[in-house]
Amino acid sequence: MTVIHIVLFKFRSDVSPAHKSLFVSELKTLKTLPCVLDSRLVVGGPSITDPIERSKGFEFALLSYHRDRDALAEYQASKEHHRVTSTYMFPFKEDLFRFDFEVDGEDENICQGVGDGIVKGTMTPLEEPVGMRWREITNRI
């Protein structure tokens with residue numbers, strides 16, 4: 001059963017934009033880990049939430065897919081994950097929010113069809129993934 005891993009990052013106010021950019025670049029390298037399902041890891045930010053206050057100061061987000069709980073545990077325990085977080089995040093963080101969940105079996109095809117296309121850049125929200133219209137799929141999420 002696919003596991004989705006979501007992390008929101010908030011840096012201290014004294015952290016430079018250059019450091020934040022370096023952090024994002026390093027975080028993106030984790031998509032090459034074998035425990036990340038089909039390299040499906042995306043990092044986004046800064047937040048464009050309107051009004052921005054609803055972001056509660058979180059500036060960046062990570063979304064990654066893992067084949068199961070064991071793969072997520074492997075990701076968390078990897079030397080690469082430890083290097084990135086201990087070097088570029090934890091010494092500079094103000095806050096961090098993590099949420100992981102297993103995808104219901106009935107929604108598994110949505111994760112694979114939509115997630116693959118968006119993360120790999122081969123599909124936009126205007127295309128019809130997995131034989132369904134985008135609006136139908138997002139209304140189910």
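Let me begin by describing the structure that accompanies this report. Quick caveat, the model's predicted, so the values are computed rather than measured. (Residues numbered from 1 in each chain as written. Predicted model: local features only at pLDDT ≥ 70, side-chain atom pairs only at ≥ 80, totals over all residues. Heavy atoms only, no water.)

So, about the side chain of H5. As for its position among the elements, H5 is in strand β1 (residues 3–11). Classification of H5 by relative accessible area gives buried; the value is 1%. In terms of polar contacts, H5 uses its side chain to reach the side chain of D100, at 2.5 Å. Among all residues touching H5, those that are not within four sequence positions of it are L62, L63, S64, H66, L72, Y75, Q76, R98, F99 and D100. (Helix = DSSP H or I, 4+ residues; strand = E, 2+ residues; numbered from the N terminus. Buried < 20%, exposed > 50% of the residue type's maximum accessible area, 1.4 Å probe, protein only. Polar contact = N/O pair within 3.5 Å; in protein donor to acceptor, adjacent residues only side chain to side chain. Contact = heavy atoms within 4.5 Å.)

What follows concerns helix α3 (residues 79–89). Along α3, the residues classified as buried are H81, V84, T85, Y88 and M89. Taken end-on, α3 shows its buried residues confined to a sector of 105 degrees, consistent with a single buried face. Exposed side chains of α3 directed beyond 90 degrees from the buried face belong to K79 and H82. Looking at the packing, one finds that the buried side of α3 touches β1, α1 (17–28), α2 (69–77) and β4 (93–102). (Arc of directions from axis to C-beta.)

The next point concerns the pattern of salt bridges. Scanning the entire structure with this criterion turns up five salt bridges. The shortest N-O distance in the salt bridge between D100 and R98 comes to 2.6 Å. A relative accessible area of 40% means that R98 is categorised as partly exposed. (Salt bridge = Lys/Arg side-chain N within 4 Å of Asp/Glu carboxyl O.)

This brings us to the packing of aromatic side chains. Counted according to the given criterion, the structure contains four aromatic pairs. Judged by centre distance (6.2 Å) and plane angle (80 degrees), the rings of F11 and F60 are edge-to-face. Of this pair, F11 sits in strand β1 while F60 sits in strand β3 (residues 60–66), and the two are 49 residues apart along the sequence. Residues F11 and F60 agree in their burial class; the two are buried. Taking the centre distance of 6.0 Å and the plane angle of 50 degrees together, the rings of F99 and F101 count as tilted. For F99, a relative accessible area of 44% corresponds to the partly exposed category. Through a chain of ring-to-ring contacts, the aromatic side chains of F9, F11, F23 and F60 assemble into a single cluster. (Phe/Tyr/Trp six-rings, centres within 6.5 Å; stacked < 30°, edge-to-face > 60°.)

Everything listed here is a matter of geometry and, on its own, says nothing about what the molecule does.
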